[in-house]
Amino acid sequence: MRAFLPLNFGTDTASWVAKGKIWNTPAGAKATRVFEIYRYDSESGRGPRLDVYHIDRGSCGPMVLDALIKIKNEIDPTLTFRRSCREGVCGSCSMSIGGRNWLACTQRIDDIEGSIRIFPLNHFPVKKDLVVDQRHVLAQHQIIQPWLKTAKPAPEGEWLQSPEDRVKLDGYYECILCFSCTGGCPSYWWNGDRYLGPAVLLQAYRWIVDSRDEATGQRLDTLEDPFRLYRCHTIMNCTKTCPKGLEPAKAIARIKAMLVARQH
Amino acid sequence: MTGTAAPTPRIPIAPHMQVYRPTLTMVMSIMHRLTGTALYAGTVVFVWWLVAVAAGRVAYETFLDVFGSVPGLVVLFGLTWAVLHHALGGIRHLIWDVGRAHTYPWREYLARANLIGSLTLSATLWVVFYPW
């Protein structure tokens, strides 16, 4: 099911997306795929637009990132996007692809039917084309102090952890901070100025459950706030859109449970 | 003073609700809110009924005339569904809040059970208790 609202919905006219350029079909292509890609250049003096590209699937790699690189190399060098590792570990190429957020490098072209619509991460301010401004969400990440905090004197070697305690980090330490979940969270769309969002809260949980960390109480104090934590209404978009298969909603549920448990 | 300040550029926000593919759990979240809101209006109906019972035969017959009519019955059935849907939604949220059923496909089953359960229960109650 596609989104049921028109593309230009709401009163924020600066964010409306105009029809863009339709780039020519490549000559001699056997199987073409249509890509509709969000374009915005602050220096053009114009608002965002949706350009249409036709890609020869026969001479393109399997992933959406391959198509983006092909467009940049062969059709339109001005197309701007972040990418680095091309194997799902750096988190740079997260974007809205076919109505959900995923890493362009791990999203197969053939798994999407029809024309493939690509937008920057939902509700992030746009810097250029598919590159978003992450300053706000990174500042929120700093609030939860994502590092080991200890009171005890540092040991001679490493801070040790039992295998049982290490297992508690599974499903949480793998987060690559691509912010697919945060971009897909309706609560973050409406209250992102104060709500920390699923990615940051999952990171918060990762440090709360770390047996080596000694600031658990302080961390929970930081989160005990109507907006920072409790704007999560378990909509589950975060868990569904995580390209690493993690469960931010579960991490948030666990934090809420810990806040209740410590009152008794 | 030299020159004029450039107008502050209005940075666009990437499209969100307009382009996000609706998910079942997302729609269920909206329905939980809608049924919750509908229950506020439903409370007025309930209070009307209580007052009508207390006020006597004439007032009660007026209530019966309004809610015995076809539009009235539709409202009452809608309220039955809203109560049950919201109640089952509350249980769904309790299950998620204790950390269960977050994985695929259980989260989808839970959302579907909420919807199918509320519709089935409402229909059953009316079939059983309404003097057809």
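Residues numbered from 1 in each chain as written. Chains lettered and ligands numbered in written order. Predicted model: local features only at pLDDT ≥ 70, side-chain atom pairs only at ≥ 80, totals over all residues. Heavy atoms only, no water.

Student: Hey, could you run me through the overall build of chain B in this one?
Tutor: The helix and strand tally for chain B stands at four helices and zero strands. Ordered by position in the sequence, the α and β elements of chain B form the string α-α-α-α. Here chain B has a C-alpha radius of gyration of 23 Å; the compact-globule value for 132 residues is 14 Å, and the former is much larger. Each principal axis of the C-alpha distribution contributes one length, and for chain B these read about 85 × 50 × 25 Å. Here chain B holds 132 residues, and the buried ones make up 33% of them. For chain B, contacts bridging at least 24 residues in sequence account for 67% of all contacts bridging at least 6. Carbon together with sulfur atoms contributes 74% to the accessible area of chain B, which is approximately 8500 Å² in total. Here chain B carries 8 positive and 4 negative side-chain charges, and the mean point of each set is 17 Å from the other. (Helix = DSSP H or I, 4+ residues; strand = E, 2+ residues; numbered from the N terminus. Rg over C-alpha atoms; globule rule 2.2 N^0.38 Å. Buried < 20%, exposed > 50% of the residue type's maximum accessible area, 1.4 Å probe, protein only. Contact = heavy atoms within 4.5 Å. Areas by Shrake-Rupley, 256 points an atom, 1.4 Å probe, with all protein chains shown as cover. Lys, Arg positive; Asp, Glu negative; His and termini not counted. Charge placed at Lys NZ, Arg CZ, Asp CG, Glu CD.)

Student: Could you clarify how one ought to interpret helix α6 (residues 197-208) of chain A in this entry?
Tutor: Two residues of an α-helix separated by three or four positions point the same way, owing to the 3.6 residues in each turn. Residue and element names in this part refer to chain A. With 12 residues, α6 should cover 16 Å at 1.5 Å per step; its first-to-last C-alpha distance of 16 Å lies within 8% of that length. By the criterion of burial, α6 is predominantly enclosed, with 12 of the 12 residues buried. Within the span of α6, buried status applies to G197, P198, A199, V200, L201, L202, Q203, A204, Y205, R206, W207 and I208. Against α2 (135-143), α4 (180-183), α5 (186-191), α7 (216-223), α8 (237-241) and α9 (248-261) lie the buried residues of α6. (Expected span 1.5 Å × (residues − 1).)

Student: Which parts of the structure should I look at to understand a nonpolar patch on the surface?
Tutor: Residues and elements named next belong to chain B. Together, L125, V127, V128, F129 and W132 make up an exposed nonpolar region whose accessible area comes to about 630 Å². Within the fold, F129 resides in helix α4 (residues 106-129). Given the relative accessible area of 65%, F129 is considered exposed. (Patch = residues over 30% accessible without salt bridge, like charges linked within 9 Å, V, L, I, M, F, W, Y side chains within 5 Å. Salt bridge = Lys/Arg side-chain N within 4 Å of Asp/Glu carboxyl O.)

Student: What exactly am I supposed to notice about helix α3 (residues 70-97) of chain B here?
Tutor: Taking 1.5 Å per residue as the helical rise, α3(B) with its 28 residues ought to reach 40 Å, and the 40 Å between its terminal C-alpha atoms agrees with that figure. Against α9 of chain A together with α1 (24-55), α2 (57-68) and α4 of chain B lie the buried residues of α3(B). Within two residues after α3(B), B:G99 carries a phi angle of roughly 85 degrees, on the positive side.

Student: What should I look at first to understand the state of the cysteines in this one?
Tutor: Residues and elements named next belong to chain A. Under the definition given, this model contains zero disulfides over all chains. Free of any disulfide, C90 has its nearest cysteine sulfur in C85, 3.8 Å distant. What makes C90 partly exposed here is its relative accessible area of 29%. Of all cysteine sulfurs in the structure, the one in C181 sits closest to C175, which takes part in no disulfide; the separation is 6.4 Å. (Disulfide = S-S within 2.5 Å.)

Student: Can you help me understand the domain arrangement of chain A in this one?
Tutor: Interface extent is often summarised as the accessible area lost during association of the parts. Residue and element names in this part refer to chain A. Assigned domains within chain A: domain 1 (13-132) and domain 2 (135-261). For domain 1 versus domain 2, the distance between C-alpha centres works out to 30 Å. Across the contact, 13 residues belong to domain 1 and 14 residues belong to domain 2. Around 1100 Å² of area is buried between domain 1 and domain 2 when both sides are counted, 58% of it from carbon and sulfur atoms. Counting across the domain 1 and domain 2 interface gives zero salt bridges. Taken together, the links from domain 1 to domain 2 amount to five residue pairs in polar contact (both at pLDDT 80 or more). Counting residues per element, the side of domain 1 that touches domain 2 draws most heavily on strand β5 (residues 100-103), which supplies four residues. Residues belonging to the side of domain 1 that touches domain 2 are distributed by class as follows: six nonpolar, six polar and one charged. (Domains from an automatic or database assignment. Buried area = accessible area lost by both parts, 1.4 Å probe. Polar contact = N/O pair within 3.5 Å; in protein donor to acceptor, adjacent residues only side chain to side chain. Nonpolar A, V, L, I, M, F, W, Y, C, P; charged D, E, K, R; others polar.)

Student: Explain the pattern of salt bridges here, please?
Tutor: Note on pairing: side chains with opposite charge can pair once their charged atoms come close. Inspection of the entire model under this criterion finds 22 salt bridges over all chains. Across the pair A:D12 and B:R10 runs a salt bridge, and its minimum N-O distance is 3.9 Å. Of this pair, A:D12 sits in the segment before β1 (18-22) while B:R10 sits in the segment before α1, each in a different chain. Take A:D12: its relative accessible area is 33%, and that puts it in the partly exposed class. Judged by relative accessible area, B:R10 falls into the exposed class, the value being 54%.

Student: Mind showing me how you'd approach the sheet that holds β5(A) here?
Tutor: Strand pairing in a sheet relies on backbone hydrogen bonds. The paired strands run either parallel or antiparallel. All names here are of chain A. Pairing within the open sheet is mixed, and its six strands lie in the order β1-β3-β2-β6-β4-β5. Every interior strand has two partners, whereas the edge strands, β1 and β5, have only one. Along the sheet, successive strands turn relative to each other by an average axial angle of 30 degrees, direction set aside. Direction of pairing for strand β2 (residues 32-39) relative to strand β6 (residues 116-119): parallel, over a ladder of three bridges. If you follow F35 over to β6, its bridge partner there is I116. With respect to the sheet, helix α1 (residues 64-75) is in contact with β2, β3 (49-56), β4 (94-97) and β6, its orientation differing from that of β3 by roughly 95 degrees. (Pairing = 2+ DSSP bridges. Axes fitted to C-alpha atoms, helices over the stretch in contact; angles between N-to-C directions.)

Student: So what exactly am I meant to see when it comes to the interface of chain A and chain B here?
Tutor: Taken together, the 45 residues of chain A in the interface contact 27 residues of chain B. Where chain A abuts chain B, roughly 3400 Å² becomes buried across the two surfaces, and 62% of that area is made up of carbon and sulfur atoms. The interface formed by chain A and chain B contains two salt bridges. Here chain A is connected to chain B by 13 residue pairs in polar contact (both at pLDDT 80 or more). Elements represented by at least two residues in the side of chain A that touches chain B include exactly β5, α5, α8 and α9 of chain A. Tallied by class, residues from the side of chain A that touches chain B come to 25 nonpolar, 14 polar and six charged.

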